Amino acid sequence: INKSVLLTNSKVSDSYLESFRALRNSVVSSTSTGRTIMLTSTAPGEGKTTVSVNLAISIARTGKSVIIVDADVKNPSVNKLLGIPMYEPAADDTRPGEITDLSGYGISVMNFNTAAFDIWKLLGIDKLRELFGRLSELYDYVIIDTPPAGLTSEPSLMAQVADSMIMVVRHD
């Protein structure tokens, strides 16, 4: 994973920075009733994690509190991109996940406990709504980074707790 694509890199171009400012402004102006935003793509490698993280950083730069939920439980990438250790739960840990505050980026990251996430999926959408409701109370924006749509059930599950969705498509 290439950290040079992060907005915190002083060498990214002005047009790259401006593209994320424009996305942030569009998201902020269209989320007056709900601020839980899911990002997905059609295939792996289209840049959805990069967009998720940079959108979160861009929103945080306006003074808002932001958490990214890495809902790609089989291939979590947010921690890799940000260079932070992966969440390693104990065998008997039934918490849904762990939150790491990243003051250097102005954001927080939540990684799901993979074993517990499978249990949460079985418990149903009400438990996930409760979790995301609580996150919405604690943070101004909740960004959900999901696996590509169609590959797993997570995007359709997360869509039920999101207020809006951004589909990331790679342009060659």
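Residues numbered from 1 in each chain as written. Predicted model: local features only at pLDDT ≥ 70, side-chain atom pairs only at ≥ 80, totals over all residues. Heavy atoms only, no water.

Q: Would you take a moment to explain the side chain of Ser77 for this structure?
A: With respect to the helices and strands, Ser77 occurs in the loop between strand 2 (66-70) and helix 3 (78-82). Of note is the side chain of Ser77, whose polar atom sits 3.3 Å from the backbone oxygen of Asn75. (Helix = DSSP H or I, 4+ residues; strand = E, 2+ residues; numbered from the N terminus. Polar contact = N/O pair within 3.5 Å; in protein donor to acceptor, adjacent residues only side chain to side chain.)

Q: Where do I start with the packing of aromatic side chains in this structure?
A: Within the structure shown, the criterion is met by one aromatic pair. Taking the centre distance of 5.2 Å and the plane angle of 70° together, the rings of Tyr16 and Phe20 count as edge-to-face. One end of the pair is Tyr16 and the other is Phe20, both in helix 1 (residues 14-30) and four residues apart, which spans about a single turn. (Phe/Tyr/Trp six-rings, centres within 6.5 Å; stacked < 30°, edge-to-face > 60°.)

Q: So what exactly am I meant to see when it comes to the side chain of Asn54 here?
A: With respect to the helices and strands, the residue Asn54 is situated in helix 2 (residues 48-60). If near-sequence neighbours (up to four positions away) are discounted, Asn54 is found in contact with Val5, Leu6, Leu7, Tyr16 and Phe20. (Contact = heavy atoms within 4.5 Å.)

Q: Whenever I open this one, the pattern of salt bridges confuses me. Can you help?
A: When their charged atoms lie close together, side chains carrying opposite charge are able to pair. Tallied over the full model, the rule gives four salt bridges. Taking the shortest distance from any N to any O, the salt bridge between Arg21 and Glu18 comes out at 2.8 Å. Here Glu18 and Arg21 lie together in helix 1, a separation of three residues that amounts to about one turn. Owing to a relative accessible area of 35%, Arg21 belongs among the partly exposed residues under this scheme. A relative accessible area of 42% means that Glu18 is categorised as partly exposed. Residues Lys48 and Asp145 are paired through a salt bridge, measuring 3.7 Å at the closest nitrogen-oxygen approach. Residue Lys48 is found in helix 2, and its partner Asp145 is found in strand 5 (residues 141-145); the two are separated by 97 residues along the sequence. Note on accessibility: Lys48 and Asp145 belong to one class, buried. (Salt bridge = Lys/Arg side-chain N within 4 Å of Asp/Glu carboxyl O. Buried < 20%, exposed > 50% of the residue type's maximum accessible area, 1.4 Å probe, protein only.)

Q: I keep staring at the nonpolar core and nothing clicks. Help me out?
A: The nonpolar side chains of a soluble globular protein tend to be buried with one another. Counting 29 residues, the largest nonpolar core has Leu39, Val53, Val66, Leu82, Ile107 and Ile143 as the members making the most contacts within it. Element by element, the count of residues in this core is highest for helix 2, at seven residues. If we ignore the near neighbours within four places in the chain, the residues touching Ile107 are Ala56, Ile57, Ala60, Val66, Ile68, Leu82, Thr100, Asp101 and Leu102. (Core = buried A, V, L, I, M, F, W, Y, C linked by side-chain atoms within 4.5 Å.)

Q: I'm lost on the sheet that holds strand 3 (residues 97-102) in this one. Help?
A: In a beta sheet, neighbouring strands pair by backbone hydrogen bonds and run either parallel or antiparallel. Ordered in space as 3-4-2-5-1-6, the six strands form an open sheet in which the pairing is mixed. Two strands close off the open sheet at either side, each with one partner strand: strand 3 and strand 6 (164-168). Strand-to-strand, the axes of this sheet are offset by a mean angle of 20°, without reference to chain direction. Examined bridge by bridge, strand 2 and strand 4 (residues 107-112) share four bridges and lie parallel to one another. (Pairing = 2+ DSSP bridges. Axes fitted to C-alpha atoms, helices over the stretch in contact; angles between N-to-C directions.)

Q: Whenever I open this one, the environment of Val109 confuses me. Can you help?
A: Secondary-structure assignment places Val109 in strand 4. Taking the C-alpha atoms as reference points, Val109 and Ile144, 35 residues apart in sequence, are found 10.0 Å from one another.

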